[in-house]
Amino acid sequence: VQLQASGGGLVQAGGSLRLSCAASGRTFSDYCMGWYRQAPGKEREFVAVISWSGGSTYYADSVKGRFTISRDNARNTTYLQMNSLKPEDTAVYYCAAPQALLPIKALMREGGVEYWGQGTLVTVSS
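Just so you know, these numbers come straight off a predicted model, no measurement behind them.

Conventions and cut-offs
Residues numbered from 1 in each chain as written. Predicted model: local features only at pLDDT ≥ 70, side-chain atom pairs only at ≥ 80, totals over all residues. Heavy atoms only, no water. Helix = DSSP H or I, 4+ residues; strand = E, 2+ residues; numbered from the N terminus. Buried < 20%, exposed > 50% of the residue type's maximum accessible area, 1.4 Å probe, protein only. Contact = heavy atoms within 4.5 Å. Pairing = 2+ DSSP bridges. Axes fitted to C-alpha atoms, helices over the stretch in contact; angles between N-to-C directions. Salt bridge = Lys/Arg side-chain N within 4 Å of Asp/Glu carboxyl O. Disulfide = S-S within 2.5 Å.

Looking at the secondary structure, you find Arg18 in strand β3 (residues 17-24). For Arg18, a relative accessible area of 47% corresponds to the partly exposed category. Residues Arg18 and Tyr79 lie 61 residues apart in sequence; the distance between their C-alpha atoms is 6.8 Å. Not counting the four nearest positions on each side in its chain, Arg18 is found in contact with Ser6, Gly7, Tyr79, Leu80 and Gln81.

Encoded structure:
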């Protein structure tokens, strides 16, 4: 399984970015997908997860109401729309996929992640 993340960049506080994660190597629509991030000097943390159908989503409290995860199974792509960005959102963002057909909440912990994208850097200036 290969995950290719893109869409990061430099944005001012209050701005928006949309990250994309293109997947290949297996039937994309069978699996939930997620996003994590790692800020400088901090551990990687969960951001958002979406079910295989897109019907269920969960978010970290720190991004709830500002970020939206979605997916397009026809394009094998997961998205993370980030609005009202804050300097504390500055991090490398990683898309994540499980190895097996795990329940969506299993991907909210790193133990449920089998595949990682290469990361895309988001920098939010104040």
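Still more to cover.
Moving on, we get to the sheet that holds strand β1 (residues 2-6). Spatially, four strands are ordered β1-β3-β8-β7 in an open sheet, and the strand pairing comes out antiparallel. Each having just a single partner strand, β1 and β7 (67-72) make up the two edges of the open sheet. Strand-to-strand twist of the sheet, defined as the mean angle between neighbouring strand axes without regard to direction, takes the value 15 degrees. As paired strands, β1 and β3 are joined by five bridges and run antiparallel to one another. Residue pairing across strands places Gln4 opposite Ala22, the latter belonging to β3.

Next up on the list: the pattern of salt bridges. Under the defined criterion, the tally for this structure stands at six salt bridges. The residue Arg37 makes a salt bridge to Asp89 at a minimum N-O spacing of 2.9 Å. Of the two residues, Arg37 is situated in strand β4 (residues 33-38) and Asp89 in the loop between β8 (77-82) and β9 (91-97); the sequence distance between them amounts to 52 residues. The same class applies to Arg37 and to Asp89, which are both buried. Among the salt bridges present, the one from Arg44 reaches Glu110, with a minimum N-O distance of 3.6 Å. One end of the pair, Arg44, is in the loop between β4 and β5 (45-50); the other, Glu110, is in the loop between β9 and β10 (115-116), and 66 residues separate them in sequence.

Bringing the state of the cysteines into the picture now. Per the counting criterion, the structure on display carries one disulfide. Each sulfur in the disulfide pair Cys21 and Cys95 lies 2.2 Å from the other. Disulfide Cys21-Cys95: the torsion about the S-S bond is 65 degrees, which places it as right-handed. Of this pair, Cys21 sits in strand β3 while Cys95 sits in strand β9, and the two are 74 residues apart along the sequence. Considering cysteine sulfurs only, Cys21 is the nearest to Cys32, which forms no disulfide, with 12 Å between them.

Attention now goes to the side chain of Ser20. Here Ser20 is to be found in strand β3. Residues within four places of Ser20 in sequence aside, it is in contact with Gln4, Ala5, Ser6, Trp35, Thr77, Thr78 and Tyr79.

A word on the environment of Ala74. Along the polypeptide, Ala74 turns up in the loop between β7 and β8. Taking the C-alpha atoms as reference points, Ala74 and Ser29, separated by 45 residues in sequence, lie 8.3 Å from one another.

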